[in-house]
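Chain by chain, the residues run as shown.
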Amino acid sequence: MKSAPRILAFIATACLLMLFFFPLWRITLIAPQYPDGVTMYIWIHQITGTSPGTLQNINILNHYVGMKMIEPNSIPELSYFPWVVGGLGLMGFLAGIINRSKFYLSWASVFLILAILGIYDFYLWEYDYGHNLSPTAPIKVPGQSYQPPLFGSKMLLNFNAISYPATGGIFMGIALMLSILASWIRIKLNKLKTQS
């Protein structure tokens, strides 16, 4: 039981580092003309799709309703997110090595705060793309915005936009839960030690 927080911290760190190998989020657009859907994958350092032309196809669709082009090179988060994830991974590894409740708690707190800020930042990004439309758009629908859902599905004209965590996002969620669990167990072990 004494080694449980350390083991959990190492597992959580390994799960977190999966973000370098799997996408964080996925957004799929399904419509009569795209019955199989067009899926965009958001990684911590790039944006890809199910095929090399996916992002271009999404940008063409977005152009018709006045949305800005999605240009990965112009998204600053994609340049610094890898450093944030790497830093969190290092914190988790050090927490496991040091094996003290303060380090576990600091790591879990920073992890949770950054996760909340990341989700909020993603919401703002979606909001900007879905609401700041070009006045010269070929298709104009009064009062219509095109912000995809943060989580779940939403009809945007004849497109069903579906947004969920991808494999990397699931690994990140597991890592966050394990970091909190490691902190809780370490604190409990300290209390039992002082009581005995």
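Data block above holds the structure.
Each chain carries its own residue numbering, running from 1 in the direction its sequence is written. Residues qualify for local features only when their pLDDT is at least 70, as the model is predicted, and side-chain atom pairs are given and counted only at 80 or more; totals for whole chains, interfaces and linings, by contrast, use all residues. To obtain the side-chain values, all non-hydrogen atoms of the structure were used and water was disregarded.

Draft legend 1. Focus on the environment of Ala115. Helix and strand labels come from DSSP, where a helix needs a run of H or I of at least four residues and a strand needs a run of E of at least two; each type is numbered from the N terminus. Structurally, Ala115 is set in helix H4 (residues 101–131). The sequence separation of Ala115 and Cys15 amounts to 100 residues, and the corresponding C-alpha distance is 14 Å.

Draft legend 2. How the structure looks around the packing of aromatic side chains. Here the aromatic set is Phe, Tyr and Trp, taking the six-membered ring for Trp, and pairing holds for ring centres within 6.5 Å; pairs whose planes are under 30 degrees apart are stacked, those over 60 apart are edge-to-face, and all others are tilted. Inspection of the entire model under this criterion finds 11 aromatic pairs. An angle of 85° between the planes, with centres 5.4 Å apart, marks the rings of Tyr80 and Phe81 as edge-to-face. Exposure is judged per residue with a 1.4 Å probe applied to protein chains only, and the accessible area is read against the type maximum: over 50% gives exposed, under 20% gives buried, and values in between give partly exposed. Assessed through its relative accessible area of 40%, Tyr80 is described here as partly exposed. Relative to Tyr127, the ring of Tyr123 has its centre 6.3 Å away and its plane inclined at 40°; by these criteria the two rings are tilted. Note that Tyr123 and Tyr127 are positioned in helix H4 at a spacing of four residues, about one turn of the helix.

Draft legend 3. Examining the sheet that holds strand E3 (residues 47–49) more closely. Ordered in space as E3-E2-E1-E5-E4, the five strands form an open sheet in which the pairing is antiparallel. The sheet is open, and its two edges are formed by E3 and strand E4 (152–156), each paired on a single side. Across the sheet, the mean angle from the axis of one strand to that of its neighbour is 20°, orientation sign disregarded. Where strand E1 (residues 25–31) lies against strand E5 (residues 159–165), six bridges are found, and the strand directions are antiparallel. In the sheet register, Leu29 faces E5, and the bridge partner there is Ala161. The strands that helix H2 (residues 54–65) touches are E1, strand E2 (34–42), E3 and E5; relative to E2, the one it contacts most, it runs at about 110°. When DSSP finds two or more bridges between two strands, those strands count as paired. Angles shown run from 0 to 180 degrees and are taken between the N-to-C directions of axes, each axis being a line fitted to C-alpha atoms and, for helices, limited to the stretch in contact. Contacts are assigned to residue pairs that have any heavy atoms within 4.5 Å of one another.

Draft legend 4. Layout of H4. A helix is expected to span 1.5 Å for every residue after the first. Here H4 contains 31 residues, and its C-alpha end-to-end distance of 45 Å stays within 8% of the 45 Å for a straight helix at 1.5 Å per residue. Among the residues making up H4, those that are buried are Ser101, Tyr104, Trp107, Ala108, Phe111, Ala115, Phe122, Trp125, Glu126, Tyr129 and Gly130.

Draft legend 5. Fine view of unusual backbone geometry. The backbone phi angle of Asn99 is positive, close to 60°, even though this residue is not glycine. By the element assignment, Asn99 lies in the loop between helix H3 (77–98) and H4. The backbone of Leu157 shows a phi angle near 55°, a positive value even though the residue is not glycine.

Draft legend 6. Structural view of the nonpolar core. Membership of the largest hydrophobic core comes to 23 residues, with the highest contact counts inside it found for Met40, Ile42, Ile47, Ile70 and Trp125. When residues of this core are traced back to their parent elements, those giving at least two are E1, E2, H2, H4 and E5. Setting aside residues no more than four positions away along its own chain, Ile42 makes contact with Pro23, Leu24, Trp25, Ile27, Phe122 and Trp125. Side-chain atoms within 4.5 Å are what join buried Ala, Val, Leu, Ile, Met, Phe, Trp, Tyr and Cys residues into a set we call a nonpolar core. If you look at the next biggest cluster of nonpolar residues, it comprises 22 residues, including Leu8, Ala9, Tyr104 and Ala182.

Draft legend 7. Spatial organisation of the pattern of salt bridges. The working definition used for a salt bridge is a side-chain nitrogen of Lys or Arg within 4 Å of a carboxyl oxygen of Asp or Glu. Applying the stated rule across the entire model yields one salt bridge. Residue Lys68 pairs with Asp128 through a salt bridge whose shortest N-O separation is 2.5 Å. Here Asp128 lies in helix H4 and Lys68 lies in the loop between H2 and H3, a separation of 60 residues in the sequence. Since its relative accessible area comes to 22%, Asp128 is described here as partly exposed.

The values are spatial; any link to function lies outside them.
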